[in-house]
Amino acid sequence: MLLETRDVSFRYDREGDWLLERVNLRIAAGEIVGLTGPSGVGKSSLARLLAGYAKPGQGEIVLDGKPLPASGCHPVQLVLQHPEKAVNPRWRMRRILREGWEPDAELCRMLGIAGQWLDRWPNELSGGELQRICVARALGPGTRFLIADEMTTMLDALTQAQIWAAVMQMAEARRMGVLVISHDAHLLKRLCSRTLDMDEIQGR
Ligand SMILES: Nc1ncnc2c1ncn2[C@@H]1O[C@H](COP(=O)(O)OP(=O)(O)OP(=O)(O)O)[C@@H](O)[C@H]1O
């Protein structure tokens, strides 16, 4: 399975300059690829395009050569830096965790998710606890690619390590591709088989 952007260009303002210009990126099944680049160059915007939250202005994003599905479970899942922005504050954690699928006990154990968190509201969990839930939620059986946009940047080293160990294990077991977006060169070196700079994937 191959996730590919083909000459993707994107801008927020229809009249303005392109933020992303002719981006060509390929991630194969099971591949762990890093993406880096200065603040504001459009890494998160590209992440949103890949996960189907926004549409390219030009070019296309394809999975095995076919357009991504417009409805149903999206094969490209995005986990953001700030989990509190990614959950419904009016839902209890159990409902949030099971929004797309029911994570099994083994995955919850790997991610260090405690049963007693599930009766709480999002604002009653720490950032690290909430992020573990968001990661489990994103790893449904239909997920072929995970886009981790500064996924563990706000977390302590131990929590970072535990979350990445679980994600790497899942990626290997399921041949899931992962795009690791980060400014942390050490993290990228440790996790990724190759790291791209935003500069080198654009055609300008
Ligand atoms: N919804 C939006 N409407 C208009 N402009 C936006 C919107 N979201 C982001 N931008 C702008 O697009 C540019 C790229 O933002 P983006 O978050 O993609 O960059 P980034 O490379 O991920 O940055 P960082 O490393 O700081 O997270 C920024 O100039 C930002 O202000």
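Residues numbered from 1 in each chain as written. Predicted model: local features only at pLDDT ≥ 70, side-chain atom pairs only at ≥ 80, totals over all residues.

- The protein chain has the name Nickel ABC transporter ATP-binding protein in an unreviewed UniProt entry, where Xylanibacillus composti is given as its organism.

1. A word on the site of the ligand
In step 1: Every residue close to the ligand is listed here: Tyr12, Leu19, Ser39, Gly40, Val41, Gly42, Lys43, Ser44 and Ser45.
In step 2: For the shell around the ligand, the class distribution of residues is three nonpolar, five polar and one charged. (Near = placed C-beta within 6 Å. Nonpolar A, V, L, I, M, F, W, Y, C, P; charged D, E, K, R; others polar.)

2. Side note on the environment of Gly40
In step 1: Here Gly40 shows up in the loop between strand S3 (32-36) and helix H1 (43-50).
In step 2: Residues Gly40 and Leu19, spaced 21 residues apart in sequence, show a C-alpha to C-alpha distance of 9.2 Å. (Helix = DSSP H or I, 4+ residues; strand = E, 2+ residues; numbered from the N terminus.)

3. Some remarks on the confidence of the model for the protein chain
In step 1: Per-residue confidence for the protein chain gives a mean pLDDT of 96, with 100% of residues at or over 70.
In step 2: Interface scoring of the predicted complex returns ipTM 0.97; its pTM is 0.96. (pLDDT = per-residue confidence, 0-100.)

4. Digging into H1
In step 1: Taken residue by residue, H1 has Lys43, Leu46, Ala47, Leu49 and Leu50 as its buried positions. Along H1, the residues classed as buried sweep out an arc of 160° about the axis, all on the same side.
In step 2: In the stretch just after H1, Gly52 is the one whose phi turns positive, near 85°. (Buried ≥ 20, exposed ≤ 12 C-beta atoms within 10 Å, placed from the backbone. Arc of directions from axis to C-beta.)

5. Side note on the environment of Asn123
In step 1: Relative to the elements of secondary structure, Asn123 occurs in the loop between helix H3 (105-110) and helix H4 (127-138).
In step 2: Residue classification places Asn123 among the exposed positions, given that 9 C-beta atoms sit within 10 Å.
In step 3: Along the sequence, Asn123 and Glu150 sit 27 residues apart, while their C-alpha atoms lie 21 Å from each other.

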